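# Structural description and commentary
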Amino acid sequence: MQALIDFTDAPSGRSGALRHAFDAPLTTLVACTPQEVPALLDAVEKYARAGRWCVGYVRYEAAPAFDPAFAVRAAEGPLAWFGVYEHAQDWPDAQPLPPAHAEWTGGPDRTAFDADMACIHAAIAAGELYQINHTAPLNGTLQGEPLALFQALQRAQPGGYAAYIHSGQEQLLSVSPELFFDWNGERILARPMK
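Note that the coordinates shown come from a computational prediction; the quantities given were computed from them, not determined experimentally.

## Some points on the packing of aromatic side chains
A complete count under the given rule lists 5 aromatic pairs for this structure. For the ring pair Tyr-57 and Trp-81, a centre distance of 6.3 Å and an interplane angle of 20° mean the geometry is stacked. Taken together, the positions of Tyr-57 in strand S4 (residues 53-58) and Trp-81 in strand S5 (residues 80-85) put the pair 24 residues apart, joining distant regions of the chain. Both residues of the pair, Tyr-57 and Trp-81, count as buried. Each residue in the set Phe-22, Trp-53 and Tyr-85 is aromatic and connected to the rest through ring pairs, giving one cluster.

Encoded structure:
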C-alpha cells in the first residue's frame, strides 16, 4: 500500500505545499456500505486529531450515506478507503518507469454530446445556469504501470492537487487544479474550477 500527495498550491494560511509519500499504514479503514461511511469518517477525524496522517478517498457513490435521497450507481469498490500513517515521508525521486497510457473506449455519442452542449449553452445564455460539469464515464485499459501514468499526468498538469493511492486492491490517480475543500479550524476553503 502506497500513497503520494502533491498539493503544490497550498491554501492561504498554510505553511507551504504538502508533498509527501506514505507507505505501510498503521491500519486501513474501509467502508463498503453507505451505513459504514459516517463511522469511517469519524474514525479518520479521531486519528487525524491524534496526530496521524490519514490519506484516502470517498467515492461519489457514497452520497447516500449523507442523504438517502441521492441516487447513485453501484460502486465497483469500497465507498471509502483510508490508510492511517504514523509519519509522512519525503517525496520520492521519480522512478524510471516505462511509459504508460490508457486506451479509452466508450464515452458519449457525438450527436448526443453536441445536443447536450447546445442545451447547456442556451441555458447559460438565458441565465438559468452558472456552471455545468458535463461528464460521461469512459472505460479504458492501462498499458503500463499506474505509477508511470500518474507521473505522466503530473508532468502534463503540474501544480494543483495530485494524489496517487494504491490500496492493495485498486489504484486511484488524481491530478486536478481544483481544491475540493481545505478545513482549517473553523474555516473551510474551496477553489472550484471555473
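## Regarding the environment of Arg-73
Counting through the fold element by element, Arg-73 comes out in the loop between S4 and S5. For Arg-73, a relative accessible area of 64% translates into the label exposed. When the C-alpha atoms of Arg-73 and Tyr-60 are compared, they prove to be 9.3 Å apart, with 13 residues separating the residues in sequence. Contact partners of Arg-73, with chain neighbours within four places excluded, come to Glu-61 and Pro-137.

## A look at the pattern of salt bridges
Within this structure, the stated rule accounts for 5 salt bridges. Residue Glu-86 is joined to Arg-52 by a salt bridge in which the shortest nitrogen-to-oxygen separation is 3.4 Å. Of the two residues, Glu-86 sits in the loop between S5 and strand S6 (89-90) while Arg-52 sits in the loop between helix H1 (37-49) and S4, which places them 34 residues apart along the sequence. We classify Arg-52 as partly exposed; its relative accessible area is 29%. Glu-170 is the partner of Arg-59 in a salt bridge, and the nearest nitrogen-oxygen pair spans 3.0 Å. Here Glu-170 lies in the loop between strand S9 (161-166) and strand S10 (171-176) and Arg-59 lies in the loop between S4 and S5, a separation of 111 residues in the sequence.

## Focus: the side chain of Ser-176
Residue placement: Ser-176 occurs in strand S10. Look at Ser-176 and you get buried, because its relative accessible area is 16%. A polar side-chain atom of Ser-176 sits 2.9 Å from the main-chain amide nitrogen of Glu-178. When near neighbours in sequence (up to four residues on either side) are disregarded, Ser-176 contacts Gln-157, Gly-159, Gly-160 and Tyr-161.

## Looking at the sheet that holds strand S1 (residues 2-7)
Note on sheets: strands pair through backbone hydrogen bonds, and any given pair is parallel or antiparallel. Spatially, the 5 strands line up as an open sheet ordered S6-S2-S1-S9-S10, and their pairing is antiparallel. Only two strands of the sheet have a single partner each, and these edge strands are S6 and S10. Of the pairings in the sheet, the one linking S1 to S9 comprises 6 bridges and is antiparallel in character. Residue pairing for S9: Leu-4 is matched across the bridge by Tyr-164. Of the strands in this sheet, S1, S9 and S10 touch helix H3 (residues 146-156), which is tilted by about 5° from S10.

Thresholds applied
- Residues numbered from 1 in each chain as written.
- Predicted model: local features only at pLDDT ≥ 70, side-chain atom pairs only at ≥ 80, totals over all residues.
- Heavy atoms only, no water.
- Phe/Tyr/Trp six-rings, centres within 6.5 Å; stacked < 30°, edge-to-face > 60°.
- Helix = DSSP H or I, 4+ residues; strand = E, 2+ residues; numbered from the N terminus.
- Buried < 20%, exposed > 50% of the residue type's maximum accessible area, 1.4 Å probe, protein only.
- Contact = heavy atoms within 4.5 Å.
- Salt bridge = Lys/Arg side-chain N within 4 Å of Asp/Glu carboxyl O.
- Polar contact = N/O pair within 3.5 Å; in protein donor to acceptor, adjacent residues only side chain to side chain.
- Pairing = 2+ DSSP bridges.
- Axes fitted to C-alpha atoms, helices over the stretch in contact; angles between N-to-C directions.

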